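Inside the fold
Now for the letters of each chain:
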Amino acid sequence: MAKDVIIACDFDSKEKTLAFLDKFTGKKPFVKIGMELFYAEGPEIVKEIKARGHKIFLDLKLHDIPNTVKKSMAVLSRLDVDMTNLHAGGTINMMKAALEGLVRPDGTRPILIAVTQLTSTDQESMTNDLLIEKPIDQVVMHYAKNSMDAGLDGVVCSPLEAGKVKGVCGNNFITVTPGVRFADGEVGDQKRVTTPAKARELGSDYIVVGRPITAASDPVGAYERCVKEFLGC
Ligand code: C5P
C-alpha cells in the first residue's frame, strides 16, 4: 500500500502557499489544501498546485444531504485531486452518494476517506452536546466500519487509533493521520501526538504534517526528515 507524508498547507493566501512550495525544488510533496486556503482562493489554487505536479488531498469535510454531497463531489472530482473527504456522521447513504458523485467519466476517482469524530470532540462534548452516550472509541470504530460498508477507502484518525481501525476494517483500509510531531519539536495545540516513525509503526498509511514543516526554519529539511523517519528512506 502507498505510504506518504502529506504537508498541510494551512495558509490564508495563494502568495504564501506558492512561496512555501517554491522552496521545494526536488521532489514535489503531497499537499493538503483545507478550508482556509480553499475558501480564500477557490478552485483555482487547486488547479495551480496540481499543475505544478503535486498530489493533492482536498480536505473540505463535506456533510450535507446525500444529493447535495453527490453533486458537490462530482464538481470536486473535476479538479483532479488525489484524495478528498467527508464526515462519516452524514450517514452511510450520504457516503454512498458521495462515492457515486466522485467517479469521473473515465471511471477513475480520488481516494475518499471519512472523518469519524473530530479529534477536538471529546467524550464529554459527545455525550452532552451530541447525546451520543457510547464510549468515543466505540463510536470511532463504528463510524470507520460504516465508512468501509459504504465503500470508502479509509478514514482520518489519530495515529494511536490506526492499528485498531485496521483491526476492524482490514489492513487495506487507509489510515490518514494528523497529530504528528518530531520527538524534539513543539507540540502546539495537538494533544495526542506521535513521531513519524511511531506513526508508521502504529499503522498509519499517510501522515498529515503541518506546522512542524510549514513553521520550520528549514521547511525542506523538516519535510525530508519526516519522509526519512516515516518511510525509512
Ligand atoms: O500543524 P499540524 O501538524 O497540527 O496540522 C495538522 C493538520 O491536520 C491541520 O490541517 C489540521 O486541521 C488537520 N487535522 C487535525 N486533526 C484532525 C483532522 C485534521 O489536526 N482530526
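Located above this text is the structure these notes cover.
Residues numbered from 1 in each chain as written. Predicted model: local features only at pLDDT ≥ 70, side-chain atom pairs only at ≥ 80, totals over all residues. Heavy atoms only, no water.

Some remarks on the overall build of the protein chain
For the protein chain, the count of helices and strands is 11 helices and 8 strands. Against the compact-globule benchmark of 17 Å for 233 residues, the protein chain has a radius of gyration of 17 Å, which places it among compact chains. Counting the 233 residues in the protein chain, one finds 48% classified as buried. Taking all contacts inside the protein chain whose residues are at least 6 apart in sequence as the whole, residues at least 24 apart take part in 65%. With an accessible surface of roughly 11100 Å², the protein chain has 52% of that area assigned to carbon and sulfur atoms. Positive and negative side-chain charges in the protein chain, numbering 30 and 31 respectively, have mean positions lying 4 Å apart. (Helix = DSSP H or I, 4+ residues; strand = E, 2+ residues; numbered from the N terminus. Rg over C-alpha atoms; globule rule 2.2 N^0.38 Å. Buried < 20%, exposed > 50% of the residue type's maximum accessible area, 1.4 Å probe, protein only. Contact = heavy atoms within 4.5 Å. Areas by Shrake-Rupley, 256 points an atom, 1.4 Å probe, with all protein chains shown as cover. Lys, Arg positive; Asp, Glu negative; His and termini not counted. Charge placed at Lys NZ, Arg CZ, Asp CG, Glu CD.)

Considerations on the sheet that holds strand S7 (residues 174-177)
Taken together, the 8 strands give a closed barrel; going around it, the order is S1-S2-S3-S4-S5-S6-S7-S8, and neighbouring strands pair in parallel fashion. Averaged over all adjacent pairs, the angle separating strand axes in this sheet is 25°, with direction ignored. The sheet contact formed by strand S4 (residues 83-87) and strand S5 (residues 111-115) spans 5 bridges and is parallel. Along S5, the bridge assignment pairs Asn85 with Ile113. Running at roughly 165° to strand S3 (residues 56-62), helix H4 (residues 66-77) makes contact with S3, S4 and S5 of the sheet. (Pairing = 2+ DSSP bridges. Axes fitted to C-alpha atoms, helices over the stretch in contact; angles between N-to-C directions.)

Some details on the nonpolar core
Counting residues in each nonpolar core, the largest one holds 58 residues, and the members touching the most others are Val5, Val46, Leu58, Met73, Leu86 and Ile213. If we skip the residues at most four places from it in the chain, Leu86 touches Lys61, Leu62, Met73, Met94, Met95, Ala98, Leu112, Ile113, Ala114, Val115 and Leu152. Phe57, Met83, Val115 and Val176 belong to the second-largest nonpolar core, a separate cluster that totals 12 residues. (Core = buried A, V, L, I, M, F, W, Y, C linked by side-chain atoms within 4.5 Å.)

Re the site of the ligand
Surveying the vicinity of the ligand reveals the residues Ala8, Asp10, Lys32, Thr119, Pro178, Arg181, Gln190, Val208, Val209, Gly210, Arg211 and Pro212. One of the side-chain nitrogen or oxygen atoms of Arg181 is found 2.8 Å away from an oxygen atom of the ligand. Protein chains shield 82% of the accessible area of the ligand, which is 470 Å² for the free molecule. Mapped onto the shell around the ligand, the elements with two or more residues apiece are strand S8 (206-209) and helix H10 (211-214). (Near = heavy atom within 4 Å. Polar contact = N/O pair within 3.5 Å; in protein donor to acceptor, adjacent residues only side chain to side chain.)

Describing the pairing of S7
On S7, burial covers both faces: Ile174 and Val176 on one face and Thr175 and Thr177 on the other are all buried. Both strand S6 (residues 154-156) and S7 contribute to a ladder of 3 bridges, which runs parallel. Directly across from Val156, in S7, lies its bridge partner Val176. Of the strand pairs in this sheet, S7 and S8 are connected by 2 bridges, and their pairing is parallel. Bridge pairing links Thr177 to Ile207 in S8. Handedness of the crossover is the feature at issue here: the chain leaves S7, passes through helix H9 (residues 196-202), returns alongside S8, and the resulting connection is right-handed. (Right-handed = clockwise from strand over helix to strand, strands pointing away.)

Some thoughts on helix H1 (residues 14-21)
Turning to H1, its buried residues number three or more, namely Thr17, Leu18, Phe20 and Leu21. Looking down the long axis of H1, one finds its buried residues gathered within 155° of arc, a one-sided arrangement. Taken together, the buried residues of H1 touch strand S1 (4-8), strand S2 (30-34), helix H2 (35-41), helix H3 (43-51), H10 and helix H11 (219-231). (Arc of directions from axis to C-beta.)

A closer look at the packing of aromatic side chains
Within this structure, the stated rule accounts for 5 aromatic pairs. Ring geometry for Phe24 against Tyr223: centres 5.6 Å apart, planes inclined by 85°, an arrangement best described as edge-to-face. Remark: Tyr223 occurs in helix H11 and Phe24 occurs in the loop between H1 and S2; sequence separation between them is 199 residues. Across this residue pair, the class does not change: Phe24 and Tyr223 are buried. (Phe/Tyr/Trp six-rings, centres within 6.5 Å; stacked < 30°, edge-to-face > 60°.)

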